[in-house]
Amino acid sequence: MRVLAGLRRAGLPYLLLLPALLLELLVHLVPMVIGIVMSFKDLTRLHIGDWGTAPWKALGNYRVTVDFDAPVGATLLHSFFVTCAFSVLTVGLCWLLGTTAAIFLQENFRGRGLLRAVFLTPYALPVYAAVITWAFMFQRDNGLVNHVLHDQLHLTDGRPFWLLGDHSFLALLVVSVWKTWPFAFLVVMAGLQNIPKDLYEAAALDGAGLVRQIRRITLPALRPINQVLVLVLFLWSFNDFNTPYVLFGKAAPEAADLLSLHIYQSSFVTWNFGTGSAMSVLLLLFLLVVTAGYLLATSRGRKHADG
Amino acid sequence: MASPTARTAGRRRSPTAPPRSFRWARRIFLTALTGFVLLPVYVMLSSSLKPLEDVSGTFRWLPGELTLRPYLDIWHTVPLARYFGNSLIVAGSATVCSVVIAVFAAYAVSRYRFRGKRIFTVTVLSTQMFPGILFLLPLFLIYVNIGNSTGVALYGSRGGLILTYLTFSLPFSIWMLTGYFASVPRELDEAAYVDGCGALGALFRVVVPAALPGIVAVAVYAFMTAWGEVLFASVMTNDTTRTLSVGLQGYATQNDVYWNQVMAASLVVSVPVVAGFLLLQRYLVAGLTTGAVK
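Thresholds, definitions, all that
Along each chain, residues carry numbers from 1 onward, in the same order as the chain's sequence is written. Chains carry letters from A onward and ligands carry numbers from 1 onward, assigned in written order. Note on the predicted model: pLDDT of at least 70 is required for a residue's local features to be given, and 80 or more for side-chain atom pairs to be given and counted; whole-chain, interface and lining totals, by contrast, use all residues. Side-chain measures were taken over the full set of non-hydrogen atoms in the model, leaving aside hydrogen atoms and water. In this document the domain limits rely on a domain assignment from an automatic tool or a database. The contact definition used throughout considers only heavy atoms, calling two residues in contact when any of these lie within 4.5 Å. Once two parts are joined, some of their accessible surface, as seen by a 1.4 Å probe, is lost; buried area is that loss totalled over both. A pairing counts as a salt bridge when a side-chain nitrogen of Lys or Arg comes within 4 Å of a carboxyl oxygen of Asp or Glu. Identification of polar contacts relies on pairs of N or O atoms within 3.5 Å, with a donor-acceptor requirement for protein atoms, meaning one able to donate a hydrogen and the other able to accept it, and with residues adjacent in sequence counted only if both atoms are side-chain atoms. Comment: elements are numbered from the N terminus, with helices defined as DSSP H or I runs of at least four residues and strands as E runs of at least two. Only Asp, Glu, Lys and Arg are considered charged, only Ala, Val, Leu, Ile, Met, Phe, Trp, Tyr, Cys and Pro nonpolar, and every remaining residue, Gly among them, polar. Under the scheme applied here, a residue whose accessible area is under 20% of the maximum for its type counts as buried, over 50% as exposed, and between as partly exposed, the area being computed with a 1.4 Å probe on protein chains only. UniProt positions are given in the numbering used here, feature names are shortened, and annotations may be inferred rather than shown by experiment. Among the buried residues, those of types Ala, Val, Leu, Ile, Met, Phe, Trp, Tyr and Cys that are joined through side-chain atoms within 4.5 Å form a nonpolar core. Note on method: axes are straight lines fitted to C-alpha atoms, helices fitted across the in-contact stretch only, with angles between N-to-C directions ranging 0 to 180 degrees. Angle categories: roughly parallel below 35 degrees, roughly antiparallel above 145, roughly perpendicular from 65 to 115, and oblique for all the rest. Rotating anticlockwise by less than a right angle from the far helix to the near helix defines a left-handed crossing, while the corresponding clockwise rotation defines a right-handed one. Directions are taken from the helix axis to each C-beta atom, and the arc is the one they span. What counts as a ring pair is set by centres within 6.5 Å for rings of Phe, Tyr and Trp (its six-membered ring), and what kind of pair is set by the plane angle: stacked under 30 degrees, edge-to-face over 60, tilted for all other angles. In this analysis the charged atom, NZ for Lys or CZ for Arg, is taken to sit over a ring once it is within 6 Å of the ring centre and within 35 degrees of the ring normal.

Caption draft 1: Seen up close, the domain arrangement of chain B. Residues and elements named next belong to chain B. For chain B, the assigned domains read domain 1 (21-66) and domain 2 (73-291). Placing a centre on the C-alpha atoms of domain 1 and another on those of domain 2 gives a separation of 32 Å. Listed as interface residues are 9 residues of domain 1 and, on the opposing side, 9 residues of domain 2. Each partner contributes to the roughly 720 Å² buried at the junction of domain 1 and domain 2, and carbon and sulfur atoms together form 75% of this total. Counting the contacts that link domain 1 with domain 2 gives 0 salt bridges. The interface formed by domain 1 and domain 2 contains 1 residue pair in polar contact (both at pLDDT 80 or more). For the side of domain 1 that touches domain 2, the elements supplying multiple residues, two or more each, are helix H2 (20-47) and helix H3 (52-56). For the side of domain 1 that touches domain 2, the element with the highest residue contribution is H2, accounting for 4 residues. Each residue belonging to the side of domain 1 that touches domain 2 can be placed in one class, and the counts come to 6 nonpolar, 2 polar and 1 charged.

Structure (structure tokens):
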């Protein structure tokens, strides 16, 4: 009996994990393996009903994907650079806005609770509802943006298109920052609560001003949180599909052609799943390398700071 | 949120009180940010009260004529009620399932040492960073193929969508709940064991009630994610199973976009989640704090 009970106890954690494991296997791991296999196959519309019968293509899809002189590779490379610029700017701006707002709201004052709720609203709004509203605001003839910039402030020559051409990158960035920065705010705010208050009081007694307190106490204390926050923000914006899809539809303008939408378009609009998969795998590899490098660099930096 | 009140009350007169310049910078920054944040909300609300001629012309800050018509028309222009129902079923089921599964998994991770624990947590967390598009293509093919070979319609069905949504929220839920459960003192479990409870008894009688705020926060997050998801909804649904995220595009016809109705519908689908989130955000913040310390 005792042996049986012991066995049951040893097996219990696995039993508790079983549903989660099965689901992870079913929806993440198996599709990932299949995705990798797909990237080696010539998977066009003909074989979608039974993908196993698609002919083997070895590295053919990858060759097409990274042939930067041909159209497929050239547009992919362009999309990659657009995504990099977009992600770096989004992460930077979101971090800056979130941290500044969190520091300003650290102290209690009248209306602080209300402001906090207001600032979190973009995060709570369903993405498509919020982005559709932005799409409306960016309309050339009946949108708020052109009304303010052109009719009221006379800043622009005529009424520019915001969702077409080169301006679209800016439009995409604004929307993305608007809906993502509250997450940075939320996380930094949570992090600020862990800093002991007497640190500030001691610093103030030693004559350290506000800027100095922020530089010497707040920012170092936030470092572990920032390490995770920046990575998460980067991965999110790098993989963002919702914003460009709702803002531009199935195909984004060249200047705002983010990778997720680019891959979606190359797969579902042209029905070439093989190259789409190859692009996805390359994207994953890139993210893995960047993440690993980032974690290595930041943990080493931390060790230096500690020692 | 209670502690800073006491602190600042004593601080206002102390030498650590923020200088005037700081308060001015704060005022200006926070006002500008509030404007930026609320601008779309204002546009949504004011445009939803305008007649169609008004939203089709040059933008105006104030409606020339107030009307509630868009709020009536949204239900006929597209089958909004059906989309609403679909979203409710899909997001609701995905939330309930992912919270239940995450409670078991998080309990195992927070309370037991076992072989493979590290691999499990690392795998679960890292799947979160993978691009959704990576899973979309294979899942689409798997669903289509299962449908063709066994007749089980996953593609286009609500069940298939629920299955995919489960896993978006699952890693986050497991991670958050592990942090929450770890903050529930083990002595409480042991007391339950002494009283004759088994492991599951301790989980449901002691740990779950103690971590209830965290579970609620995780549920809100899971619901929000599913309610707002666009990528899988746009590929994996058909006319009858379409969710709000895709259905809202129906207000754009070939000739015209009914912007007032789009805005009214956006507002209607936003109110439940925003209200729920704002009511429960305190728990989410607390969850992030416990989670982040780990």
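Caption draft 2: Summary view of the pattern of salt bridges. Tallying each qualifying case throughout the model produces 7 salt bridges over all chains. Of the charged contacts in the structure, one is a salt bridge between Arg140(A) and Asp141(A), with a shortest N-O distance of 3.2 Å. With a closest N to O distance of 3.1 Å, Arg60(B) and Asp54(B) form a salt bridge. Classification of Asp54(B) by relative accessible area gives buried; the value is 9%.

Caption draft 3: Representation of the UniProt feature "transmembrane region" (unreviewed entry) in chain B within the structure. Residues and elements named next belong to chain B. Following the UniProt record, one finds the feature "transmembrane region" (unreviewed entry) at residues 28-45, 83-107, 119-142, 162-182, 202-224 and 258-280. For residues 162-182, the helix share is 100%, the strand share is 0%, and the end-to-end C-alpha distance is 29 Å. What you have in residues 202-224 is 96% helix and 0% strand, and the ends, taken at the C-alpha atoms, are 30 Å apart.

Caption draft 4: Representation of the interface of chain B and chain A. At the interface, 99 residues of chain B touch 102 residues of chain A. When chain B packs against chain A, close to 9200 Å² is buried across both sides, 78% of that on carbon and sulfur atoms. Taken together, the connections running from chain B to chain A amount to 0 salt bridges. Where chain B touches chain A, the interface holds 7 residue pairs in polar contact (both at pLDDT 80 or more). Examining the composition of the side of chain B that touches chain A, we find that 18 residues originate from one element, helix H14 (residues 259-293) of chain B, more than from any other. Broken down by class, the residue content of the side of chain B that touches chain A amounts to 72 nonpolar, 21 polar and 6 charged.

Caption draft 5: Region of the structure containing the environment of Ala106(B). Residue and element names in this part refer to chain B. You can see Ala106 is positioned in helix H5 (residues 80-111). It is 37 Å that separates the C-alpha atoms of Ala106 and Val41, two residues lying 65 residues apart in sequence. Every residue in contact with Ala106, bar those within four places of it in the chain, is listed here: Ile174, Leu177, Thr178 and Phe181.

Caption draft 6: Focus on the UniProt feature "transmembrane region" (unreviewed entry) in chain A. Taking the UniProt record as the reference, the feature "transmembrane region" (unreviewed entry) is found at residues 12-37, 80-105, 117-137, 169-192, 221-238 and 277-297 of chain A. Taken end to end, residues 12-37 of chain A is 100% helix and 0% strand, and its first and last C-alpha atoms sit 35 Å apart.

Caption draft 7: Geometry of the domain arrangement of chain A. All names here are of chain A. Assigned domains of chain A: these are domain 1 (34-66 + 272-306) and domain 2 (82-267). Just the C-alpha atoms count here: the centres of domain 1 and domain 2 sit 28 Å apart. Counting residues at the interface gives 17 residues for domain 1, matched by 15 residues for domain 2. Across the domain 1 to domain 2 interface the summed buried area is about 1300 Å²; carbon plus sulfur atoms make up 69%. Our count for the contact surface shared by domain 1 and domain 2 stands at 0 salt bridges. For the interface between domain 1 and domain 2, the tally reads 3 residue pairs in polar contact (both at pLDDT 80 or more).

Caption draft 8: Representation of the nonpolar core in the model. In terms of nonpolar packing, the biggest core is built from 188 residues, with Phe119(A), Tyr264(A) and Phe181(B) touching the most fellow members. Per-element accounting of this core gives the leading share, 16 residues, to helix H7 (residues 167-192) of chain A. Leaving out residues up to four positions away in the same chain, Phe181(B) has contacts with Val103(B), Ala106(B), Tyr107(B), Ser110(B), Arg111(B), Leu203(B), Val207(B), Ala211(B) and Ile215(B).

Caption draft 9: Geometry of the packing of helix H6 (residues 117-127) of chain B against helix H8 (residues 158-182) of chain B. All names here are of chain B. For the pair H6 and H8, interaxial distance at closest approach is 8 Å and the crossing angle is 130 degrees. Accordingly, the angle class assigned to the pair H6 and H8 is oblique. Handedness of the crossing formed by H6 with H8: left-handed. Residues Phe120, Val124, Leu125 and Thr127 of H6 form the contact with H8, whose own contacting residues are Pro171, Ile174 and Trp175. Residue classes in the contact of H6 with H8 are distributed as 6 nonpolar, 1 polar and no charged.

Caption draft 10: Spotlight on H6(B). All names here are of chain B. Along H6, the residues that are buried comprise Phe120, Val124 and Thr127. Seen end-on, H6 carries its buried residues on one side only, within an arc spanning 70 degrees. In H6, those exposed residues whose orientation departs by more than 90 degrees from the buried face are Arg118 and Ile119.

Caption draft 11: Summary view of the packing of aromatic side chains. Inspection of every chain in the model, using the stated rule, returns 41 aromatic pairs over all chains. Ring geometry for Phe183(A) against Trp236(A): centres 4.7 Å apart, planes inclined by 55 degrees, an arrangement best described as tilted. With Phe183(A) in helix H7 and Trp236(A) in helix H9 (residues 210-238), this pair connects stretches of sequence that are 53 residues apart. Assessed through its relative accessible area of 10%, Phe183(A) is described here as buried. Under the relative-accessibility criterion, Trp236(A) is labelled partly exposed at 34%. Aromatic ring contacts, followed pair by pair, group Phe241(A), Tyr245(A), Tyr264(A), Phe268(A), Trp271(A), Phe273(A), Phe140(B) and Tyr155(B) into a single cluster. Note that Arg140(A) overlies the ring of Phe161(A), its terminal NZ or CZ placed 4.8 Å from the centroid. In this arrangement the basic side chain of Arg27(B) is found over the ring face of Trp24(B), its NZ or CZ atom lying 4.7 Å from the centre.

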